[in-house]
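Commentary on secondary and tertiary structure
As a plain string of letters, each chain reads:
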Amino acid sequence: MLKNRTNFYKFKGYLMTVDEFRKTMAEVEYIPAGSELHQAFHAFSQEALKITAELNGAYHTPEEVRALMSQLTASEIDESFAMFPPFHTDCGKNTKIGKRVFINAGCQFQDQGGITIGDDVLIGPQTIIATLNHDSDPDKRGGMFAKPVKIGDKVWLGARVTICPGVTIGEGAIVGAGAVVTKDVPPRTVVAGVPAKVIKQS
């Protein structure tokens, strides 16, 4: 469990730091339902719920938004970062955000598997980024597979984009509004559709 909101959780009988959590998630692909790591997800989610409730519940200055996002991600958010709340995440501790990033309103990040956002990235409203898939075996449906998402520098994600686990979006790419991205996007291309396909060079 989290200890005094200092970003520790209990794993296999000892307290693990956020850095250790990130390292574990970089090495582990499958999380069995009910495992201690799965339970740790719930511990992180409770802290995320508290922070996002504060973030989304009232007006905050840009400086206050950055401070709350720093707390949520357990990392230093650059002063060039900007966001229009509301924002939702069920973890927060495995998201890395570059410089001059803008996140529009209503986005949802499921970041246990790791989300890396490069510099100069624009993220449209109601974008969903997922890094977990449930087990397809109905008898093990609570188990999860984790795969990271990487968004390169100068990427523009349109409104209501969904990015699936394991996807890398190359530098300078554009993802059209409403697209569902199920595979890697080459640099400096424009993709759109369900599932997203390359429609031209950007």
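This text goes with the structure placed above it.
In this text the structure is predicted, and so the values were computed from the model without any measurement.

1. Observations regarding the overall build of the protein
Counting its regular elements, the protein contains three helices and 21 strands. Considering only C-alpha atoms, the protein reaches an extent of 50 × 45 × 25 Å along its principal axes. Within the protein, buried positions represent 44% of all 202 residues. Counting only contacts in the protein whose residues sit at least 6 apart along the sequence, the fraction spanning at least 24 positions is 30%.

2. Notes on the nonpolar core
Counting 36 residues, the largest nonpolar core has Met-69, Ile-103 and Ile-163 as its most contacted members. Secondary-structure elements contributing two or more residues to this core are helix H2 (36-57), helix H3 (62-73), strand E8 (107-110), strand E9 (115-117) and strand E14 (149-151). Beyond its immediate chain neighbours, meaning those up to four positions away, Ile-103 contacts Phe-81, Ala-82, Met-83, Phe-84, Phe-87, Ile-97, Phe-109 and Ile-123. By size, the runner-up hydrophobic cluster in this structure holds 11 residues, among which are Val-18, Phe-21, Met-25 and Ala-146.

Criteria and cut-off values
Residues numbered from 1 in each chain as written. Predicted model: local features only at pLDDT ≥ 70, side-chain atom pairs only at ≥ 80, totals over all residues. Heavy atoms only, no water. Helix = DSSP H or I, 4+ residues; strand = E, 2+ residues; numbered from the N terminus. Buried < 20%, exposed > 50% of the residue type's maximum accessible area, 1.4 Å probe, protein only. Contact = heavy atoms within 4.5 Å. Core = buried A, V, L, I, M, F, W, Y, C linked by side-chain atoms within 4.5 Å.

What is shown is where atoms sit, not what they do.
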